[in-house]
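Fold and contact review
As a plain string of letters, each chain reads:
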Amino acid sequence: MNELPSSDLPSPSAGAPGPRVLALANQKGGVGKTTTAINLGTALAAIGERVLIVDLDPQGNASTGLGIEQRSRRVSSYDVMVGDAPMAEALLPTAVPRLSIVASTMDLSGLELEIAGFRDRAFRLRNAIRSLTPEGGAAPFDYVLIDCPPSLNLITINAMAAANAILVPLQCEFFALEGLSQLLKTVEQVRTTLNPTLSIHGIVLTMFDARNNLSGQVVADVKQFMGSKVYDTIIPRNVRISEAPSYGKPALLYDLKCSGSQAYIRLASEIIQRERELRAA
Ligand SMILES: Nc1ncnc2c1ncn2[C@@H]1O[C@H](COP(=O)(O)OP(=O)(O)O)[C@@H](O)[C@H]1O
Ligand SMILES: [Mg+2]
């Protein structure tokens with residue numbers, strides 16, 4: 001097993017009020033949301049940030065990919081959102097120092113109906129995340145990464161209402177841009193109705209294949225459409241990335257030197273850099 005780089009330096013975000021909450025959203029499945037949540041979370045933690053991943057997909061791939069067994073998911077994201085448990089009770093440590101997770105179970109697939117009648121139905125997650133920071137106290141995390149389901153349902157709306165910004169993984173494939181306008185429209189609706197300060201943090205292009213001319217064309221198209229919102233870091237298609245979850249490990253622990261792990265470390269640095277610029281602005 002590769003050792004992760006670590007540092008004893010104070011967390012780069014120390015002193016900031018509350019955690020930065022980033023929702024990984026795209027209603028398309030298989031574009032790299034969960035892979036990005038796991039590996040970006042691991043890379044941020046390796047740099048010294050305290051990170052929480054909230055698994056909001058009933059499939060629970062982020063939980064499984066981080067080695068959380070079913071029997072450990074005693075208190076899950078479902079319990080928190082339905083109001084049966086405070087979020088503090090759902091926090092689970094992972095094998096990565098400074099990286100915690102709120103795991104999910106299949107129960108989550110029934111959540112929408114159960115909370116549909118609640119007045120605060122869109123704010124269940126926001127309130128749960130806020131409850132982690134004690135009144136007048138310090139936040140226990142620097143970053144909260146929300147892994148959304150492949151849908152624009154009430155669960156994803158909760159993530160958007162709770163987030164400071166949205167991070168959109170887009171797969172480098174022919175139909176990459178299809179569906180992006182619908183996603184952006186939903187973000188705009190959430191901004192005008194539920195969360196006025198919500199922004200798009202950035203677009204991360206995933207599964208880039210240098211041998212495929214189409215990948216290059218997709219990068220050019222997305223950059224033309226989204227401009228500087230597209231991160232410079234592009235995640236390559238890399239078999240080590242897809243192997244890692246079956247070992248219950250982030251790719252960064254499974255093979256730190258592979259091209260995919262290295263790309264996620266660069267993405268983490270780029271995101272921290274953007275955060276610094278936002279805070280200085
Ligand atoms: N950079 C990559 N290289 C190779 N396979 C990848 C890469 N990113 C994701 N995958 C694989 O693609 C599939 C879909 O990724 P996933 O992160 O689960 O997408 P989503 O959460 O958007 O549904 C998974 O099997 C994953 O292992
Ligand atoms: Mg997923």
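Above this note sits the structure.
Now for a description of the structure that goes with this document. All figures in this text were calculated on a predicted structure; none of them were measured in a lab. (Residues numbered from 1 in each chain as written. Chains lettered and ligands numbered in written order. Predicted model: local features only at pLDDT ≥ 70, side-chain atom pairs only at ≥ 80, totals over all residues. Heavy atoms only, no water.)

If you check the backbone angles, arginine 98 has positive phi at about 70° while not being a glycine. Relative to the elements of secondary structure, arginine 98 occurs in the loop between strand 3 (91-93) and strand 4 (99-102). Backbone geometry at methionine 207 places phi at a positive 55°, although glycine is not the residue there. Here methionine 207 is to be found in the loop between strand 7 (199-206) and helix 8 (213-226). (Helix = DSSP H or I, 4+ residues; strand = E, 2+ residues; numbered from the N terminus.)

Further remarks concern the nonpolar core. If you look at the biggest cluster of nonpolar residues, it comprises 52 residues, and the most contacted ones within it are Met87, Leu125, Ile146 and Ile166. Among the elements that make up this core, the one with the highest residue count is helix 6 (residues 154-162) (six residues). Setting aside its immediate chain neighbours within four residues, methionine 87 contacts Val54, Val80, Val102, Leu125, Ala128, Ile129, Ser131 and Leu132. Core analysis: the next-biggest nonpolar cluster, separate from the first, contains 38 residues, Ile53, Tyr143, Tyr231 and Ile272 among them. (Core = buried A, V, L, I, M, F, W, Y, C linked by side-chain atoms within 4.5 Å. Buried < 20%, exposed > 50% of the residue type's maximum accessible area, 1.4 Å probe, protein only. Contact = heavy atoms within 4.5 Å.)

By nearness alone, 14 residues border ligand 1, and Gly30, Thr34, Thr35, Pro236 and Asn238 come closest of all. Glycine 30 has a polar backbone atom sitting 2.7 Å from an oxygen atom of ligand 1. Contact distances for ligand 1 include 2.9 Å between a nitrogen atom and a backbone N or O atom of asparagine 238. Coverage of ligand 1 by the protein chains reaches 79% of its 560 Å² of free accessible surface. Elements with a contribution of two residues or more to the shell around ligand 1: helix 1 (33-47) and helix 9 (239-243). If one sorts the elements of the shell around ligand 1 by residue count, helix 1 sits on top with three residues. In terms of residue class, the shell around ligand 1 is built from five nonpolar, seven polar and two charged. (Near = heavy atom within 4 Å. Polar contact = N/O pair within 3.5 Å; in protein donor to acceptor, adjacent residues only side chain to side chain. Areas by Shrake-Rupley, 256 points an atom, 1.4 Å probe, with all protein chains shown as cover. Nonpolar A, V, L, I, M, F, W, Y, C, P; charged D, E, K, R; others polar.)

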